[in-house]
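Residue-level listing of the chains:
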Amino acid sequence: MKRIQTLLLLPLLLIFLQSCGGGDDSKTTQDASTDEASAVMDEEMSDDDEMASADQAICLWGKAGLRDGAGRGKELKYLATITFGEVVKLTGEAEEIEKRNYLEMELSDGKSGWAYDYLFAVGGERAVAFSSIDIFKRPDITTITTKKLERGQIFAVVPTDEDGWMEVYGKEKKVEGWARLTEDAYSTDEVDVALAIKMDQISDLKSTSEKKKELENLAGSSIFSSSPLFSMVEDQMLDMDKARDLPANQLMIQASTLNVRSEPQKPAEGEDDNIVFKVSEGDVCNILEKSNDKVQIRDMNDYWYKIELNGQVGWVYGHYTSKAL
C-alpha cells in the first residue's frame, strides 16, 4: 500500500516542482523524479519475479498420483505418476476434500490433473546438498535439531522473508525445517540435481545386478562426469565390490544415514521412538541375528538384522544394507 501511495504522489510532486521553478533546474528535478518513479516500478516488478516460484511445486514422495479431479474417489481417473524430485506447474486452483487440500497442476508434458498438496513443496526449487546442512525448527540458531541434510541428498528449498534463512523439505519430509544455506553447501544446477535423483533411484532398486548396471551407465556418462557429486557414483561402485566380498556374518550399510532400533520394527504412532543409534553409508557391521520372516514396509519386503558396530547393538532393515533382497 505504501508503494502505491508513493506512485500516486509522484505526479503531484512533479507538478508542484514545475510551478515553483523553471529552466534547466526544473528539467533536472523532473528527470530525477521520473527516475525515482521508475525505480519504484522496477522494485514492484522485481517483487513479481520473486513470486514466480510460487507457481511451481516439487514432488517429495517416491510416487504421487495425478488424477482428473480432486480427492480419492474411485470414480476419479488415474492420469500419471509423479516421481520424487519432479517439478510441476501449479494452475492456482485448489480444493479441500475430506480435510485434505488438493492442487491442480500441469506436468512437463502438458498433462494436467489434481494431486494431494502434502506430497509437494509448494513454491520450492530443487536442490542437492554438497555438504552436511544443519536443520533448525525455526529461523533461530538456538532451535538447532539433530537432523541434517547429508551430501548428495535431494531437497526442496523455499525462499522466505527471513533474512538469511530458507525453509527446506527432504524426501517424504523426513527432514524439514529451516536452514542457513551458503553457496558452497548446496546446488540447484540441473546436472547436479539430476545425478542425485538418479543415485536416489538406484538406491531403491532391489536387485544388486540392476544397481551395478545403472551405476556403470552413470559412470560412462559424459554429462554427469562434470558434476562435483560424480565421486558418489565411483564410491558406490567401490562399496558394491566390497560388499560382495564380505563374509556371511557381516553386512554393509547402503543408506546415507540409517536408524538402528532397539526392536525389529518401527514404533506405532504415539509410542516412544526406539532409535538407539545411527549408522552411515559404508559402515560394515557384524550380524548377530536375523528375523524369522520378511517384513513388508511400503513397497519393500525384507528381513530385519540385529547388528553390532563398535560395541553398539540394534536392529536395521535389510533393504538399506548389502543384504537387500
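Cut-offs used in this document
- Residues numbered from 1 in each chain as written.
- Predicted model: local features only at pLDDT ≥ 70, side-chain atom pairs only at ≥ 80, totals over all residues.
- Heavy atoms only, no water.
- Phe/Tyr/Trp six-rings, centres within 6.5 Å; stacked < 30°, edge-to-face > 60°.
- Helix = DSSP H or I, 4+ residues; strand = E, 2+ residues; numbered from the N terminus.
- Buried < 20%, exposed > 50% of the residue type's maximum accessible area, 1.4 Å probe, protein only.
- pLDDT = per-residue confidence, 0-100.
- Contact = heavy atoms within 4.5 Å.
- Axes fitted to C-alpha atoms, helices over the stretch in contact; angles between N-to-C directions.
- Parallel < 35°, antiparallel > 145°, perpendicular 65-115°, else oblique.
- Left-handed = near helix turned anticlockwise from the far one by under 90°.
- Nonpolar A, V, L, I, M, F, W, Y, C, P; charged D, E, K, R; others polar.
- Core = buried A, V, L, I, M, F, W, Y, C linked by side-chain atoms within 4.5 Å.

**Points about the packing of aromatic side chains**
For any pair of aromatic rings, geometry is given as the distance between the ring centres together with the angle between the planes. Taken as a whole and judged by the stated rule, the model has seven aromatic pairs. Pairing Tyr102 with Tyr116 gives two aromatic rings, centres 5.7 Å apart and planes at 40 degrees, and the pair type is tilted. Within this pair, whereas Tyr102 is found in strand 5 (residues 100-106), its partner Tyr116 is found in strand 6 (residues 112-116), the two being separated by 14 residues in sequence. Their ring planes at 35 degrees and their centres at 6.1 Å tell us that Tyr116 and Tyr118 sit as a pair that is tilted. For Tyr116, a relative accessible area of 22% translates into the label partly exposed. Judged by relative accessible area, which is 38%, Tyr118 ranks as partly exposed. Among the aromatic side chains, those forming a connected cluster through ring pairs are Trp61, Tyr102, Tyr116 and Tyr118.

**Brief notes about the confidence of the model for the protein chain**
Looking at the protein chain as a whole, the pLDDT averages 84, with 83% of positions reaching at least 70. When the criterion is pLDDT under 50, residues 1-52 qualifies, and its contacts beyond four places in sequence or with other chains add up to 17 contacts.

**Structural notes on the packing of helix 4 (residues 208-219) against helix 5 (residues 231-244)**
Their axes nearest at 9 Å, the elements helix 4 and helix 5 cross at an angle of 150 degrees. Considering the angle they form, helix 4 stands roughly antiparallel to helix 5. Every pair of crossing elements has a handedness; the one defined by helix 4 and helix 5 is left-handed. Seen from helix 4, the contacting residues are Thr208, Lys211, Lys212, Leu215, Glu216, Leu218 and Ala219; seen from helix 5, they are Val233, Gln236, Met237, Met240 and Arg244. Split into classes, the residues belonging to the contact of helix 4 with helix 5 amount to six nonpolar, two polar and four charged.

**Quick look at the packing of helix 3 (residues 190-203) against helix 4**
For the pair helix 3 and helix 4, the least separation of the axes is 9 Å and the interaxial angle reads 165 degrees. Taken together, the axes of helix 3 and helix 4 lie roughly antiparallel to each other. Helix-helix and strand crossings are classified by hand; for helix 3 and helix 4 the assignment is left-handed. Where helix 3 abuts helix 4, its residues Leu195, Lys198, Met199, Ile202 and Ser203 lie against Lys211, Glu214, Leu215 and Leu218.

**A short note on the nonpolar core**
By size, the foremost hydrophobic cluster in this structure holds 17 residues, and its most contacted members are Val128, Ile154, Leu195, Met199, Leu215, Leu218 and Val233. Here this core takes six residues from helix 3, the largest share from any one element. In this structure Leu218 touches Leu195, Lys198, Met199, Ile202, Phe224, Phe230 and Val233, once residues within four positions along its chain are discounted.

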